[in-house]
Amino acid sequence: MKKAIYALIISILPLFLFQSCEVANGPDWYGISSNEVPAQVGNALKNMYPNAESIEWEYRDGYYTAIFRSDGFMTEAWYNKDAYWLLSVTEVSYTALPQLVLNYIETHGYTPKLLEECDRITRPHFVESYQVKCSTKELQCTEAGYLIREAESLSAPYPIEIPLAVWESIQTLYPNSLIIDAVNEENWYIKVRTSDNNIAELTL
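Note that the structure is predicted; figures quoted are calculated from it, not measured.

**Here we look at the overall build of the protein**
- On a plain count of helices and strands, the protein comes out with four helices and twelve strands.
- Put simply, the protein has 204 residues, and 40% of those count as buried.
- When the accessible surface of the protein is totalled, it reaches about 12300 Å², and 54% of it is carbon and sulfur.

**Quick word on helix H4 (residues 164-173)**
- Every buried residue of H4 is accounted for by Val166, Trp167 and Ile170. Buried residues of H4 fall within an arc of 100° about the axis and therefore sit on the same side. Residues of H4 that are exposed and point more than 90 degrees away from the buried face comprise Leu164, Ala165 and Thr172.
- Against the buried residues of H4 lie strand S10 (178-184), strand S11 (188-193) and strand S12 (199-203).

**Points about the side chain of Ser129**
- With respect to the helices and strands, the residue Ser129 is situated in strand S7 (residues 129-133).
- Here Gln140 takes part through its side chain, which lies 3.0 Å from a polar atom of the side chain of Ser129.
- When neighbours within four sequence positions are excluded, Ser129 is seen to be in contact with Asp119, Arg120, Ile121, Gln140, Cys141, Thr142, Glu143 and Ile148.

**Here we look at unusual backbone geometry**
- Positive phi, normally seen in glycine, also occurs at Ser54, with a value near 50°.
- Secondary-structure assignment places Ser54 in strand S2 (residues 53-60).
- On the basis of relative accessibility, which here comes to 66%, the residue Ser54 falls in the exposed class.
- Not every positive phi belongs to a glycine, and Asp71 is a case in point at roughly 55°.
- For Asp71, the position within the fold is in the loop between strand S3 (63-70) and strand S4 (73-79).
- For Asp71, a relative accessible area of 65% corresponds to the exposed category.

**What about the pairing of S3?**
- Among the eight residues that make up S3, seven are buried, leaving the element largely enclosed by the rest of the structure.
- Pairing of S2 with S3 involves six bridges; the strand directions are antiparallel. Residue pairing across strands places Arg60 opposite Tyr63, the latter belonging to S3.
- Where S2 folds back on S3, the antiparallel hairpin that results is connected by two residues, among which Asp61 adopts a positive phi of roughly 50°.
- Pairing of S3 with S4, which is carried by seven bridges, proceeds in the antiparallel orientation.

Procedures and definitions
Residues numbered from 1 in each chain as written. Predicted model: local features only at pLDDT ≥ 70, side-chain atom pairs only at ≥ 80, totals over all residues. Heavy atoms only, no water. Helix = DSSP H or I, 4+ residues; strand = E, 2+ residues; numbered from the N terminus. Buried < 20%, exposed > 50% of the residue type's maximum accessible area, 1.4 Å probe, protein only. Areas by Shrake-Rupley, 256 points an atom, 1.4 Å probe, with all protein chains shown as cover. Arc of directions from axis to C-beta. Contact = heavy atoms within 4.5 Å. Polar contact = N/O pair within 3.5 Å; in protein donor to acceptor, adjacent residues only side chain to side chain. Pairing = 2+ DSSP bridges.

As far as function goes, none of this settles anything; it's purely spatial.
What follows is the structure, given as structure tokens:
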């Protein structure tokens, strides 16, 4: 009887572990081999990051994510199924942060966790930003030191797909502007930095 129970436990243990990992990573979030990556996505990565090394791939909620080392730092690059680049998150050192970001952190009394990495966030049509873990809060600032958000813990950056019609509307209103932040609820709420370096808030 004991042998039968032991055999049953052994037989269901892999299934339990698999289900636990699936819950932890999400039902549509898992590692894939390079052979499972569409050729156009793989080529887009090579063209954008020719020095990428030790590339690992994941499939995340319909996006293909490459995790790799380039020029000494780890990067995550996100692409949709059409090989359109949507987001890169690159680890940077604290001392490599733009001076205006450092000024914001220091003048607002935050103490950075120097042992924690900082991340540079780049997206098409968006202002470059930086996410920094400090002793009491986590901050996301533009490269010009403009605070986007702060909280005890910020969620990891995620792709934001701006529809072409929305982007064209922004460019019509504010030519040569770049997006600071965007939220898609019932309507698009978007904050942009205009070409004359002012801030505008839009609902589209």
